[in-house]
Amino acid sequence: MRLTLVSLPWAPLKTPSVGLSALAAFVEKHAPGVDVRVSYGILRIAELISLAHYQHICAILNSGNCLGPHTVLADALWTRVLFPERAKHVDDWINGRFPSVDPVRVCGAMEQAFDEIIDTALEDGTRVIGLTSMFNQLLGNLALAKRAKERAPELVNVFGGFEVSGAAYPPLLELFPQIDYIIDGEGEHALVDLVKAVEAGESPANLPGVRSRFSDNKLAAKRADVRQLPVPTFVDYAEQVEPLNIEWKFVLEGSRGCWWDRSAATGNANDACHFCNINTVWGAYREKTVPQIAAEAKAQAQRHGKLLVHFTDSIVRNKGIDDFCNALAEIADWRFNHALRAHIKPIDFVRLYEAGLRACQFGIEAMSTKILKRMNKGVSVIQNIQALKLCTELQVVGGNNIIINYPHTTAEEIAETAEIVERYCLGYQPLVVTPFMYVLGSTFTRAPELSNLKNIRNYDYYAELLPAEHYERMNLLVKDYDEDGAQSWDQLIELLERWQTWYKKNRNRPALKYERGPGFINIKDARRPGQNLHFKLEGTEADIYFYCLELRRVKEVQQRFPQVPADELDELIEELVEANLMFREGNRVLALACSERPLTAAMRIRAHAREDEELEQIKQAARDESGAGVRQRRVSTTV
């Protein structure tokens, strides 16, 4: 029996689908009678319309500072194929907004690719087609499934992914007869059980995690033990991508879910970032062992001759980063990207950099303490600033974002954000502007009282594309809403755009930098157009600034420099903050200047980490000695 898994646009072309690759390997291991093939319709469609035009459409999808018609361009194209009776309406809609996109040509390529996928499936004896719906794929999968049913009604269409999970699936089953089954939640065990049932001629309708119109089954999908997962297979992707001369990278899944999201364990939807829906499918956080990740990395590198790696983890592991980095560095000279969290210690960032980190994504999201608290981010502004500084100093490309149009943000909070950005952040890699999206499965949809937004509905632009009944009844991933008293973000957006321009003019080099000499530090500040300020710190002042180039508590600084009276230290900190050379948040401070050379920055961070560790060992020894003295006195008193 053959299972065909299909990957459709509009993801980047340079990485295979880790989800489908993991599913394929799991099914092959646990259902040995089933042959699995991953069909990359995404590559075939890109080839048919040209790689350049595919990238152009992707650029449109990711353009703009706010949500708008560009957000649904991909779904507009899919709508034309799914509902051919609306072709002229969709063509007019696209041509009026995106004249550089030819819907007839693109949709013709989609239909050709669909026919090729179905032809191959029928020729090789496929009985089940698996369709993953993450972002901008649902309507395309529905179109492909419809075409498959028209060609071969006996084919079984199975859907999975964010866009069909949870509250999304019931109306889909009612509206689209081409859907046979939906896997609600994690897919490995549910898909294995399903294909075994189909192979045996039995109904999968009542299996855990399987939803259908034939049953009201609500049994939860069994979650996979990530430490027992087989190594994903990228052979199908490699065969299909290499003729296109695309320099691709393999993907590694080190964990599932997010350890900061505790909502699955506590049952409280508030115990997560309120805007995020990462754990809609994954549930509780789980991570692979370091030896397992290292073995997978080595196996994939040997198999494909690749050292470019994309880690799909939603968040970096909270413990064991040192072991993780050492294990990777022992194998090869990697170049990889990873999602990080702004609480990370500078020394751990250096370890990741030395292991091969060359791009990352910090969930910055906001530069206002109040907004961060409202988001339940669990990080602070000063940590976010340090994260930007780390990326800039070590020349790690940071796709770090700031969310605009966040619900119930006040004018004062937007002004606070603008002030912090303008005074303290312009020397670093700029933040990418990301519009707030109210998405299905986020805390807002699970606990709507936290946002108090009104008239929650499917995103308005879908009303212009979909048939009225489908717009009204479907529960789509992206939502629209009404908000009383929404504030303008235009001034902040303009500042963020200027930041992008200023950074490029500095040739992507830090505009606030320091040079350390014997007994002094020179600081050069060119963060603003026409500005070229010079500062010189000498003696103890230079030592204090150098010590604070990583985030410090004021108490730590006082302990490190006991010869400086507390009032004089506060005065120095205040002067540096006023000069925009240091940031202070409560009892924590951060010197903002960057080293222009990654090696120098890494050496400084390592030296400070060693010094901190030695100091902590001395403190611990003193605590142990003091505790031993107390215990001895207690014994003597008892005697």
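The numbers attached to residues start from 1 for each chain and follow its sequence in the written order. This being a predicted model, a pLDDT of at least 70 is required before a residue's local features are given, and a value of 80 or more before pairs of side-chain atoms are given or counted; all residues contribute to the totals for chains, interfaces and linings. Only hydrogens and water are removed before side-chain values are computed, so all heavy atoms of the structure are retained for them.

### Here's the deal with the packing of helix α4 (residues 73-82) against helix α5 (residues 87-97)
Here comes step 1: Axis definition: a line fitted to C-alpha atoms, limited for helices to the stretch in contact. Angles are taken between N-to-C directions and run from 0 to 180 degrees. The helix and strand labels rest on DSSP assignments: H or I over at least four residues marks a helix, E over at least two residues marks a strand, and numbering proceeds from the N terminus. Packing of α4 against α5 leaves a shortest axis separation of 9 Å and a crossing angle of 155°. Judged by the inter-axis angle, α4 sits roughly antiparallel to α5. Relative to α5, the crossing made by α4 is left-handed. Where α4 approaches α5, its residues Leu 73, Ala 76, Leu 77, Thr 79 and Arg 80 are matched on the opposing element by Ala 87, Val 90, Asp 91, Trp 93 and Ile 94.
Here comes step 2: Across the contact of α4 with α5, the residue classes tally to seven nonpolar, one polar and two charged. In what follows, roughly perpendicular refers to angles from 65 to 115 degrees, roughly parallel to angles under 35, roughly antiparallel to angles over 145, and oblique to any angle outside these ranges. Definitions for this section: a left-handed crossing has its near helix turned counterclockwise from the far helix by less than a right angle. A right-handed crossing has that turn clockwise. Contact between two residues is taken to exist if any of their heavy atoms lie within 4.5 Å; hydrogens are not considered. The nonpolar class holds Ala, Val, Leu, Ile, Met, Phe, Trp, Tyr, Cys and Pro. Asp, Glu, Lys and Arg form the charged class, and all remaining residues, Gly among them, are polar.

### Structural notes on the environment of His 89
Here comes step 1: Position of His 89 relative to the elements: it lies in helix α5.
Here comes step 2: The buried label goes to any residue with under 20% of its type's maximum accessible area, the exposed label to any with over 50%, and the partly exposed label to all in between, with areas taken from a 1.4 Å probe on protein chains only. Overall, His 89 belongs to the partly exposed group, its relative accessible area being 38%.
Here comes step 3: With 376 residues separating them along the chain, His 89 and Leu 465 place their C-alpha atoms 7.9 Å apart.

### Looking at helix α22 (residues 490-505)
The periodicity of an α-helix, 3.6 residues per turn, causes residues three or four places apart in sequence to face the same way.
Here comes step 1: Expected helix span is computed as 1.5 Å times (number of residues minus one). When the terminal C-alpha atoms of α22 are compared, their 23 Å separation across 16 residues agrees well with the 22 Å that a helix rising 1.5 Å per residue should span.
Here comes step 2: Lining the buried residues of α22 we find α17 (381-393), β14 (401-404), α18 (411-425) and β15 (432-435).

### A closer look at the sheet that holds strand β23 (residues 582-585)
Here comes step 1: The three strands lie next to each other as β22-β24-β23, forming an open sheet whose pairing is antiparallel. With one partner strand each, in any of the chains shown, β22 (552-553) and β23 form the two edges of the open sheet.
Here comes step 2: DSSP bridges decide pairing: two strands pair if at least two such bridges lie between them. The sheet contact formed by β22 and strand β24 (residues 588-591) spans two bridges and is antiparallel. Note that in β24 the partner of Arg 552 across the bridge is Val 589.

### A closer look at unusual backbone geometry
Here comes step 1: Unusually for a residue other than glycine, Ser 50 sits at a positive phi of about 95°.
Here comes step 2: Within the secondary structure layout, Ser 50 lies in the loop between α2 (41-49) and α3 (51-61).
Here comes step 3: On the accessibility criterion, Ser 50 (27% relative accessible area) is partly exposed.
Here comes step 4: One non-glycine residue, Asn 245, adopts positive backbone phi at about 55°.
Here comes step 5: With respect to the element layout, Asn 245 can be found in the loop between α10 (235-241) and β7 (250-252).
Here comes step 6: Asn 245 sits in the exposed class, given a relative accessible area of 71%.

### A short note on the packing of aromatic side chains
Here comes step 1: Pairs were defined over the aromatic rings of Phe, Tyr and Trp, the Trp ring being its six-membered one, requiring ring centres within 6.5 Å. Orientation was assigned from the angle between planes: stacked under 30 degrees, edge-to-face over 60, tilted for the rest. Under the defined criterion, the tally for this structure stands at 25 aromatic pairs.
Here comes step 2: Judged by centre distance (5.0 Å) and plane angle (70°), the rings of Tyr 40 and Tyr 237 are edge-to-face. Here Tyr 40, found in strand β2 (residues 35-40), pairs with Tyr 237, found in helix α10; they are 197 residues apart in sequence, far enough to count as distant.
Here comes step 3: Here the aromatic rings of Tyr 459 and Tyr 461 are separated by 5.6 Å at their centres, their planes lie at 55°, and the arrangement is tilted.
Here comes step 4: Exposure remark for Tyr 459: the relative accessible area of 4% places this residue in the buried category.
Here comes step 5: Charges are assigned to positions over rings by a cutoff of 6 Å between ring centre and Lys NZ or Arg CZ, combined with an angular limit of 35 degrees from the ring normal. The ring of Tyr 547 carries Arg 552 above its face, with NZ or CZ at 3.8 Å from the centroid.

### Re a negative patch on the surface
Here comes step 1: A surface patch of negative charge is lined by Glu 538, Glu 541, Asp 567, Glu 568, Glu 571, Glu 574, Glu 575 and Glu 578.
Here comes step 2: Within the secondary structure, Glu 574 is located in helix α25 (residues 566-578). Patch definition: residues with relative accessible area over 30% and no salt bridge; like charges joined within 9 Å; nonpolar side chains (Val, Leu, Ile, Met, Phe, Trp, Tyr) joined within 5 Å. Note on areas: Shrake-Rupley with a 1.4 Å probe; residue coverage comes only from the protein chains shown. Within this document, salt bridges are pairs made up of a side-chain nitrogen of Lys or Arg and a carboxyl oxygen of Asp or Glu, the two lying within 4 Å of each other. Only four residue types enter the tally: Lys and Arg on the positive side, Asp and Glu on the negative side; His and the chain ends are excluded. The location of each charge is read from NZ of Lys, CZ of Arg, CG of Asp or CD of Glu.

### Some details on the nonpolar core
Here comes step 1: To form a nonpolar core, buried Ala, Val, Leu, Ile, Met, Phe, Trp, Tyr and Cys residues must be joined to one another through side-chain atoms within 4.5 Å. Of all hydrophobic cores here, the largest spans 215 residues; its most connected members are Trp 10, Leu 77, Phe 349, Phe 362, Met 367, Ile 385 and Tyr 545.
Here comes step 2: Of all the elements, helix α6 (residues 103-123) adds the most residues to this core, at eight residues.

### Here's the deal with empty space enclosed by the protein
Here comes step 1: The definitions used throughout rest on a 1 Å grid laid over the protein atoms alone, on which a cavity is an enclosed set of points accommodating a 1.4 Å probe that cannot get out and a pocket is an open set flanked by protein within 12 Å on both sides along at least five of seven lines; lining residues are those having an atom within 4 Å of a point. Grid points are joined across faces, edges and corners, and a volume is the space filled by probe spheres set on the points. Evaluation of the coordinates by the stated rule reveals three cavities of 30 Å³ or more.
Here comes step 2: Within this model, the largest cavity holds a volume of roughly 50 Å³.
Here comes step 3: Forming the boundary of the largest cavity are Gly 254, Ser 255, Tyr 285, Ile 293, Phe 311, Asp 313, Ile 315, Val 316, Arg 317, Phe 324 and His 338.
Here comes step 4: Taken as a whole, the second largest cavity holds about 40 Å³ of empty space.
Here comes step 5: Looking at the second largest cavity, the residues that line it are Glu 365, Ala 366, Met 367, Ile 371, Met 375, Ile 402, Ile 403, Tyr 406, Thr 417, Trp 489 and Leu 492.
Here comes step 6: Elements represented by at least two residues in the lining of the second largest cavity include exactly α16 (369-375) and β14.

### Overview of the pairing of strand β4 (residues 156-160)
Here comes step 1: Counted residue by residue, β4 has five buried out of five residues, so it is predominantly covered.
Here comes step 2: Burial along β4 is two-sided: Val 156, Val 158 and Gly 160 facing one way and Asn 157 and Phe 159 facing the other are all buried.
Here comes step 3: Pairing between strand β3 (residues 126-132) and β4: five bridges, direction parallel. Its bridge partner being in β4, Gly 130 is matched across the sheet by Val 158.

### Let's talk about the sheet that holds strand β6 (residues 210-211)
Here comes step 1: The six strands are arranged β2-β1-β3-β4-β5-β6 in an open sheet whose pairing can be described as mixed. Only two strands of the sheet have a single partner each, and these edge strands are β2 and β6.
Here comes step 2: When strand β5 (residues 181-183) meets β6, the two strands line up antiparallel, connected through two bridges. Bridge assignment links Ile 183 to a residue of β6, and that residue is Val 210.
Here comes step 3: Contacting β1 (2-7), β3 and β4, helix α7 (residues 138-151) runs over the sheet at an angle of about 170° to β4.

### Considering helix α14 (residues 321-329)
Here comes step 1: Considered for burial, the residues of α14 that qualify are Ile 321, Phe 324, Cys 325, Ala 327 and Leu 328. The buried residues of α14 occupy one face: seen down the axis, they fall within an arc of 165°.
Here comes step 2: On the buried face of α14, the contacting elements are α13 (290-304), β10 (308-311), β11 (335-340) and α15 (346-355). Picture the helix axis, draw a direction to every C-beta atom, and the arc is the one those directions span.

### Topic: the pattern of salt bridges
Here comes step 1: The final tally for this structure, using the stated rule, is 41 salt bridges.
Here comes step 2: Ionic pairing is found between Glu 174 and Arg 473, a salt bridge with its closest N-O pair at 2.9 Å. With a gap of 299 residues between them, Glu 174 in helix α8 (residues 169-175) and Arg 473 in helix α21 (residues 468-473) connect regions that are remote in the sequence.
Here comes step 3: Among the residues examined, Glu 174 registers a relative accessible area of 56% and is labelled exposed.
Here comes step 4: The partner of Glu 296 in a salt bridge is Lys 288, with the nearest N and O atoms 2.9 Å apart.

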